[in-house]
Amino acid sequence: DVYKRQPLNKTFSLMAGTAILVSAALGLTACGGSAANAESAADKTKYQAAVSIDDFGGMEGLEKAAKAEGQLNLIALPHDWSNWGGVIEAFKNKYPEITVNEQSPNASSKEEIDAIKTNAGTDKAPDTVDVGLAVAVDSTQYFAAYETQGAAKIDPKLKNKDKLFTPDYTGVMSLGWNKTKYGDVKSIEDLKDPKFAGVVSLNGKPAEAGAAFNGFIMANLANGGDLQNLQPGLDFFKELKSIGNLNTIDVTSATIDSGQTAAVFDWSYNQISTRDRLKGQGVDWSVIVFPGTEVGSYYQQAINKEAPHPAAARLWQEFLYTPEAQNLWMKGGAMPVLMEQMEKDGTIDAEAKATLIETSQPPLTYSPDDSARITSWLQQNWDKAIGN
């Protein structure tokens, strides 16, 4: 089943991405010895152990607890990545009593986990993370088991059996490039042309960032590899580096706008926001999915098991798995995990759905075990071949 292409949905979209680390929040800290503070500490511990909304006595109880905390720390959620900006704004409008703290929009999935470790035990720690599958599988020791009401409707094959992380949205891996300056790209081999000197990039390092991981898989498929044989992909990037075309700096909107990264492997939803932004600058940012290289992988939501604001973290998760938030992701070019369910329920935004693109075939997906194995291989081989 390694080669199985799950029919997630033939429709995928173009969307954008990075990350938002959390700034300091005033959490519920037990200081002094008052009964009120002791009760707050006890509540925090209780909320950190909550596995469903039932542990709060329902939505009203969860909302009350989250509003009492008054803070929510988010990380790695750039506003132009799958319309995270719209999702965050909708949550803030719905719960004005909760201050949303955002930081580090360009952080990788690995850096999100690093933030949990670095800020452990403080009010600065992320309450939740949005990470690629490879990092999620490798980081379960930091996550709390929790299932939202909406996530209960997700296909069990897509979910972690221990409810430690939950799929949220996906796109299809693609190549975007400045067509105005570099002309057509019809094959991945075209990226070896000297005209692309120093401008071809992955969005991060493959063993650390979900976008880069899947960009590597796409390139590996385009060069004759598969989920078992990864060497063709590594050889391709090694050759790009040797001829001077590979650029390993972190990709941001600034590096794209400046031309430092003019040909980028990234999620389709990130490419569309880049295309729309550059259109106003007179630049044709074109996007291609090479036939036979369609790759799809859901990002994963997880709650920090030591979240400084555990009730707010769970309220945020409940919100993300509502039709409102899922449709907002779709407006950003992403395919939300509850898309098929919303179609059945009649809650889908038909106008947003109509903007999604179709792939020539259902995208290749892979299991958590595949993800862990490939990540381990990349950790052992990428830096030796490409460098830090």
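Here's what I pulled together on the structure shown here.

Conventions adopted
Residues numbered from 1 in each chain as written. Predicted model: local features only at pLDDT ≥ 70, side-chain atom pairs only at ≥ 80, totals over all residues. Heavy atoms only, no water. Helix = DSSP H or I, 4+ residues; strand = E, 2+ residues; numbered from the N terminus. Buried < 20%, exposed > 50% of the residue type's maximum accessible area, 1.4 Å probe, protein only. Contact = heavy atoms within 4.5 Å. Areas by Shrake-Rupley, 256 points an atom, 1.4 Å probe, with all protein chains shown as cover. Pairing = 2+ DSSP bridges. Salt bridge = Lys/Arg side-chain N within 4 Å of Asp/Glu carboxyl O. Phe/Tyr/Trp six-rings, centres within 6.5 Å; stacked < 30°, edge-to-face > 60°. Core = buried A, V, L, I, M, F, W, Y, C linked by side-chain atoms within 4.5 Å. Axes fitted to C-alpha atoms, helices over the stretch in contact; angles between N-to-C directions. Parallel < 35°, antiparallel > 145°, perpendicular 65-115°, else oblique. Left-handed = near helix turned anticlockwise from the far one by under 90°. 1 Å grid on protein atoms, 1.4 Å probe; cavity = no way out; pocket = protein on both sides within 12 Å on 5 of 7 lines; lining within 4 Å. Points joined across faces, edges and corners; volume = space filled by probe spheres on them. Nonpolar A, V, L, I, M, F, W, Y, C, P; charged D, E, K, R; others polar.

Considering the overall build of the chain
Right, on to step 1. The helix and strand tally for the chain stands at 15 helices and 14 strands.
Right, on to step 2. Sorting the 388 residues of the chain into buried and exposed places 55% on the buried side.
Right, on to step 3. For the chain, contacts bridging at least 24 residues in sequence account for 80% of all contacts bridging at least 6.
Right, on to step 4. Surface summary for the chain: the accessible area is close to 15,500 Å², and the carbon and sulfur share equals 48%.

Quick word on the pairing of strand E10 (residues 263–267)
Right, on to step 1. Of all 5 residues in E10, 5 are buried, a share of seventy percent or more.
Right, on to step 2. As judged from the 5 bridges shared by strand E8 (residues 173–178) and E10, these two strands associate in the antiparallel manner. Directly across from Gly-176, in E10, lies its bridge partner Val-264.
Right, on to step 3. Pairing of strand E9 (residues 200–202) with E10 involves 3 bridges; the strand directions are parallel.

Notes on the pattern of salt bridges
Right, on to step 1. Scanning all chains against the criterion turns up 18 salt bridges.
Right, on to step 2. Across the pair Asp-383 and Lys-205 runs a salt bridge whose closest N-O atoms are separated by 2.9 Å. Taken as a pair, Asp-383 in helix H15 (residues 368–386) and Lys-205 in the loop between E9 and helix H7 (210–222) lie far apart in primary sequence, 178 residues in all.
Right, on to step 3. Looking at Asp-383, the relative accessible area reads 31%, which means it is partly exposed.

Brief notes about the packing of aromatic side chains
Right, on to step 1. Counted under the stated rule, the structure contains 23 aromatic pairs.
Right, on to step 2. Between the aromatic rings of Phe-213 and Tyr-366, the centroid separation amounts to 5.6 Å while the plane-to-plane angle is 55°, which identifies the pairing as tilted. Here the residue Phe-213 occupies a position in helix H7, and Tyr-366 occupies one in the loop between strand E14 (357–358) and H15, the gap between them amounting to 153 residues.
Right, on to step 3. Judged by relative accessible area, which is 10%, Tyr-366 ranks as buried.
Right, on to step 4. On the basis of an interplanar angle of 65° and a centroid distance of 5.6 Å, the ring pair of Phe-237 and Trp-382 is categorised as edge-to-face. You can see Phe-237 sitting in helix H8 (residues 231–242) and its partner Trp-382 sitting in helix H15, a full 145 residues away along the chain.

Thoughts on the nonpolar core
Right, on to step 1. One finds Leu-191, Ile-217, Phe-237, Phe-265 and Trp-316 to be the most contacted residues of the largest nonpolar core, which totals 107 residues.
Right, on to step 2. It is H7 that provides the largest number of residues to this core, a total of 8 residues.
Right, on to step 3. Sequence-distant contacts of Trp-316, defined by excluding residues within four places in its chain, comprise Leu-72, Leu-74, Leu-77, Trp-84, Val-87, Ile-88, Phe-91, Thr-128 and Gln-301.
Right, on to step 4. Core analysis: the second largest hydrophobic core is formed by 6 residues, Ile-256, Val-264, Val-283 and Trp-285 among them.

What about the packing of helix H3 (residues 84–94) against helix H11 (residues 310–320)?
Right, on to step 1. With their axes 11 Å apart at the nearest point, H3 and H11 run at an angle of 120° to one another. Between H3 and H11, the angle is such that the two are oblique. Once H3 is placed against H11, the crossing between them reads as right-handed. Residues Trp-84, Val-87, Ile-88, Ala-90, Phe-91 and Lys-94 of H3 touch H11, and the partners they reach there are Leu-315, Trp-316, Phe-319 and Leu-320.

Looking at the environment of Gln-260
Right, on to step 1. Its place among the elements puts Gln-260 in the loop between helix H9 (253–258) and E10.
Right, on to step 2. It is 8.6 Å that separates the C-alpha atoms of Gln-260 and Val-200, two residues lying 60 residues apart in sequence.
Right, on to step 3. Look past the residues within four positions of Gln-260 in its chain and what remains in contact with it is Gly-198, Val-199, Asn-247, Ile-249 and Thr-255.

Description of the sheet that holds E9
Right, on to step 1. Taken together, the 4 strands give an open sheet; going across it, the order is E9-E10-E8-E11, and neighbouring strands pair in mixed fashion. Since the sheet does not close on itself, it has two edges, and those belong to E9 and strand E11 (285–288), each with one partner. Each adjacent strand pair in this sheet contributes to an overall mean axis angle of 30°, direction not counted.

What to know about unusual backbone geometry
Phi is mostly negative for residues that are not glycine, and the peptide bonds are mostly trans.
Right, on to step 1. Even without glycine at this site, Ala-76 takes up a positive phi of about 60°.
Right, on to step 2. Along the polypeptide, Ala-76 turns up in the loop between strand E2 (71–75) and H3.
Right, on to step 3. A positive phi angle, near 65°, is found at Asn-83, a position not held by glycine.
Right, on to step 4. By secondary structure assignment, the location of Asn-83 is in the loop between E2 and H3.
Right, on to step 5. Its relative accessible area of 21% is what places Asn-83 among the partly exposed residues.

Some points on helix H12 (residues 323–331)
Right, on to step 1. Those residues of H12 that sit buried are Ala-325, Gln-326, Asn-327, Leu-328, Trp-329 and Met-330.
Right, on to step 2. In the core, the buried residues of H12 are packed alongside H3, strand E7 (169–170), H11, strand E13 (335–336), helix H13 (339–345) and helix H14 (350–353).
Right, on to step 3. Positive backbone phi, at 95°, marks Gly-333, one or two positions downstream of H12.

Quick word on the pairing of E8
Right, on to step 1. Most of E8 sits out of view: 6 of its 6 residues are buried.
Right, on to step 2. With burial as the criterion, each face of E8 is covered, one bearing Met-173, Leu-175 and Trp-177 and the other bearing Ser-174, Gly-176 and Asn-178.
Right, on to step 3. As defined by bridge partners, E8 adjoins E11 across 4 bridges and the pair is classed as antiparallel. Of the residues in E11, the one forming a bridge with Gly-176 is Val-287.

Notes on empty space enclosed by the protein
Right, on to step 1. Summed over all chains, the structure comprises 3 cavities of 30 Å³ or more.
Right, on to step 2. In this model, the largest cavity occupies a volume close to 80 Å³.
Right, on to step 3. Around the largest cavity, the lining residues are Leu-202, Gly-204, Lys-205, Leu-246, Asn-247, Thr-248, Ile-249, Trp-382, Gly-387 and Asn-388.
Right, on to step 4. Partitioning the lining of the largest cavity into residue classes produces 4 nonpolar, 5 polar and 1 charged.
Right, on to step 5. Forming the walls of the second largest cavity are 13 residues, and the residues nearest its centre are Tyr-146, Thr-166, Gln-301, Ile-303 and Gln-317.
Right, on to step 6. Element by element, the count of residues in the lining of the second largest cavity is highest for strand E12 (residues 300–304), at 3 residues.

All we've got here are geometric facts, nothing functional implied.
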